[in-house]
Amino acid sequence: MQDSPEYKPMGMTSPREPCVEDVPEGFGVRSLALSHFRNYASETLDLSPGFNVLAGPNAQGKTNLLESLHLLATTRLLRGQRDVEAILQGQTEAHVQAELLGPGTQIAVQLRQGTRKRATLNGLGLPRAADLLGRLPCVCVSAADLEIVRGQPSERRLFFDLELSSLYPAYLRALSLYKRALEQRNALLRQSRERFVSPEAFEPWEAQLATQGVTLRRFRREALERLEPATRDVHALMGEGECLTLEYLSGDETRTEQDLLDKLAQNRDSDVARGGTGTGPHRDDLSLKIEGKEVRLYGSGGQQRTAVIALKMGAFGMQEQILGAPPLLLLDDILSDLDERRRANLVEMVLRRARQAVLTCTEASAAGREILERAQLFEIRAGRVLRG
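Within any chain, residue numbers begin from 1 and follow the written order of that chain's sequence. Restriction of local features to residues with pLDDT of at least 70 applies here, the model being predicted, together with a cutoff of 80 or more for giving and counting side-chain atom pairs; totals for whole chains, interfaces and linings are based on all residues. The basis for every side-chain value is the complete set of non-hydrogen atoms in the structure, without hydrogens or water.

## What about the overall build of the chain?
Logical step 1: Every helix listed is a DSSP run of H or I at least four residues long, and every strand listed is a run of E at least two residues long, numbered separately from the N terminus. Each helix and strand in the chain was counted, giving 11 helices and 15 strands.
Logical step 2: Two things to know: the radius of gyration comes from C-alpha atoms, and the globule rule equals 2.2 Å times the number of residues to the power 0.38. In terms of overall dimensions, the chain is globule-like: its C-alpha atoms have a radius of gyration of 22 Å, near the 21 Å expected for 388 residues.
Logical step 3: When checking whether two residues touch, look at their non-hydrogen atoms; a contact exists if any pair is within 4.5 Å. Relative to all contacts within the chain whose residues are 6 or more apart in sequence, the contacts with residues 24 or more apart total 73%.
Logical step 4: Counting every atom, the chain has about 17,400 Å² of accessible surface; 45% of that belongs to carbon and sulfur. Areas reported as accessible are Shrake-Rupley estimates using a 1.4 Å probe. Residue values count occlusion only from the protein chains shown.

## Re the packing of aromatic side chains
Logical step 1: Each Phe, Tyr or Trp ring, with Trp reduced to its six-membered ring, pairs with another whose centre is within 6.5 Å; inter-plane angles below 30 degrees give stacked pairs, above 60 give edge-to-face pairs, and intermediate values give tilted ones. By the definition in use, this model includes four aromatic pairs.
Logical step 2: A centroid spacing of 5.7 Å and a plane angle of 80° characterise the contact between Tyr-171 and Phe-219, whose relative ring orientation is edge-to-face. With Tyr-171 in helix H4 (residues 169-192) and Phe-219 in helix H5 (residues 199-238), this pair connects stretches of sequence that are 48 residues apart.
Logical step 3: Take Phe-219: its relative accessible area is 1%, and that puts it in the buried class.
Logical step 4: Here the aromatic residues Phe-159, Phe-160 and Tyr-248 are joined through ring pairs into a cluster of three or more. The buried label goes to any residue with under 20% of its type's maximum accessible area, the exposed label to any with over 50%, and the partly exposed label to all in between, with areas taken from a 1.4 Å probe on protein chains only.

## With respect to the packing of H5 against helix H10 (residues 340-353)
Logical step 1: Comment: axis = line fitted to C-alpha atoms, over the contacting stretch for helices; angle = value between 0 and 180 degrees taken between N-to-C directions. Two elements in contact, H5 and H10, have axes separated by 9 Å at closest approach and are oriented at 135°. As far as their axial angle goes, H10 and H5 are oblique. Across from Val-234, Leu-237 and Met-238 in H5, the residues of H10 making contact are Arg-341, Arg-342, Asn-345, Leu-346, Met-349 and Arg-353.
Logical step 2: Three classes are used, and their members are as follows: Ala, Val, Leu, Ile, Met, Phe, Trp, Tyr, Cys and Pro are nonpolar, Asp, Glu, Lys and Arg are charged, and the others, Gly among them, are polar. Taken together, the residues that form the contact of H5 with H10 break down as five nonpolar, one polar and three charged. Note on terminology: angles under 35 degrees are roughly parallel, angles over 145 are roughly antiparallel, angles of 65 to 115 are roughly perpendicular, and the others are oblique.

## Brief notes about the nonpolar core
Logical step 1: Here, the term nonpolar core denotes a set of buried Ala, Val, Leu, Ile, Met, Phe, Trp, Tyr and Cys residues that are joined through side-chain atoms within 4.5 Å. Within the largest apolar cluster, 66 residues are counted, with the highest numbers of intra-cluster contacts made by Ile-309, Leu-329 and Leu-346.
Logical step 2: When residues of this core are assigned to their parent elements, the largest contribution, 11 residues, is made by helix H9 (residues 301-323).
Logical step 3: Those residues within four positions of Leu-346 in sequence are excluded, and the remaining contacts are Met-238, Ile-309, Met-313, Ile-334, Leu-335 and Leu-338.
Logical step 4: Leu-54, Leu-66, Leu-78 and Val-96 belong to the second largest nonpolar core, which has 39 residues in total.

## Some words on the state of the cysteines
Logical step 1: Any two cysteine sulfur atoms within 2.5 Å of one another count as a disulfide. Throughout the structure, instances matching the rule amount to zero disulfides.
Logical step 2: Its sulfur unpaired, Cys-138 is 6.0 Å from the next cysteine sulfur, which belongs to Cys-140.

## Focus: the pattern of salt bridges
Logical step 1: Salt bridge criterion: a side-chain nitrogen from Lys or Arg within 4 Å of a carboxyl oxygen from Asp or Glu. The full count for this structure, using the stated rule, is 22 salt bridges.
Logical step 2: Taking the shortest distance from any N to any O, the salt bridge between Arg-112 and Glu-93 comes out at 3.4 Å. Here Arg-112 is found in strand S5 (residues 106-112), whereas its partner Glu-93 is found in strand S4 (residues 93-100), with 19 residues between them in sequence.
Logical step 3: A salt bridge links Arg-369 to Glu-373; its shortest N-O distance comes to 3.1 Å.
Logical step 4: Since its relative accessible area comes to 55%, Arg-369 is described here as exposed.
Logical step 5: Here the residues in one salt-bridge network are Arg-185, Glu-206, Arg-268, Asp-271 and Arg-274, joined through shared partners.

## Examining the sheet that holds strand S10 (residues 285-290)
Logical step 1: Following DSSP output, two strands are said to pair if at least two bridges run between them. Strands sit in the order S9-S10-S11 across an open sheet of three strands; the sheet is antiparallel. If you trace the sheet from one side to the other, it starts and ends with strand S9 (244-249) and strand S11 (293-294), each paired once.
Logical step 2: For S9 and S10, the ladder comprises six bridges, and the chain directions are antiparallel. Of the residues in S10, the one forming a bridge with Leu-249 is Asp-285.
Logical step 3: Each of S9 and S10 touches helix H3 (residues 153-167); the most contacted strand, S10, lies at about 100° to it.
Logical step 4: Where H5 meets the sheet, it contacts S9 and S10, and its direction lies at approximately 170° from that of S9.

## A few points about the packing of H3 against H4
Logical step 1: For the pair H3 and H4, the least separation of the axes is 5 Å and the interaxial angle reads 125°. By the angle between their directions, the pair H3 and H4 is classed as oblique. Side by side, H3 and H4 meet where Asp-161, Leu-164, Ser-165 and Leu-167 of the first sit next to Pro-169, Tyr-171, Leu-172 and Leu-175 of the second.

## Notes on the confidence of the model for the chain
Logical step 1: Per-residue confidence from the predictor is given as pLDDT, running between 0 and 100. The predicted model of the chain averages 91 in pLDDT, with 93% of residues at 70 or higher.
Logical step 2: Considering only residues more than four positions removed or in separate chains, one finds that residues 1-24, a stretch of pLDDT under 50, has 54 contacts.

## Side note on the sheet that holds strand S7 (residues 124-125)
Logical step 1: Taken together, the six strands give an open sheet; going across it, the order is S2-S1-S4-S5-S6-S7, and neighbouring strands pair in antiparallel fashion. Each of the sheet's edge strands pairs with one partner strand only, and the pair in question is strand S2 (40-46) and S7.
Logical step 2: As paired elements, S4 and S5 share seven bridges and run antiparallel to each other. In the strand pairing of S5, Glu-99 is matched with Gln-106.
Logical step 3: Along the sheet, helix H1 (residues 62-74) makes contact with strand S1 (29-37), S2, S4 and S5, crossing S1 at roughly 110°.

Given below as structure tokens:
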């Protein structure tokens, strides 16, 4: 993936590869191959360019298969575990490979014990696994996403980082540089507890934090301008007529590079006592409110579930708007958790907006007649894929 120019407003053409003209009907996967991944010793399957339903009892491998697609799209496991935990027991490495819709690009990820994950594009190794981001735009909705709503701020920052890193190489670069500078400044803060560290030692890292930090916040805030109305519209359809609002929260209230730079210098002594940097976008949060009340604190289980589905489908709409084509949609056993009305509304939305979708469910009937009539059905049994 090539580097993009510096930050551009969201209204301008997204500086990314591949060009969306390569996949005019939407992004997705033509074929998938697994080797020693989770409970799959070896498996290949051809996916429909439309809807695909993975059905079978629990603990058979449905989510594992969905997770392999998520890994290719984001370079991250679906459950936030260590990479080695996805390697089949008794093996030392796992491979996931896919041929994409469109011109037939091949992408692959290798997990290996004792080393970092590796990614390849058309058989050629990439410098970093993260360089795969953007090749397979994807939105995944799973039960684990409830942590975005009810969990710590880090869960909501991760949501932003994954969405924007896959859309904008410039964001990924700024995020990488910011994290490196943050690690270096925190190391100096720890050293300051034991010996004198001159202010000059902090300055280059704080300058980097200020430059990249303002860039991250600018991307996030402008993304929210697209995400908030898309999320609100989905929630209006799925909810009980309640209004869902999103707000970006910045604890230090700095806006410019100089503001952030001054704040970092001002807080050095308190950061030494804290043992870490307390100022910057790594401390920011995303607030979700229903009728003015925090969903995290006051939302019922049903409200939290509906809010996170709305947020993820809002992200789907944001990606489609930016890319000019819908991303791959993954739904991991969420239809069975919804009441009949919400399930019907979500199914209607998926049918109307998605190009390629992969759904998991314990019973195929949970996907609904409308989807099953258009879908390729796969039965998943003990790490084997059978055609339905």
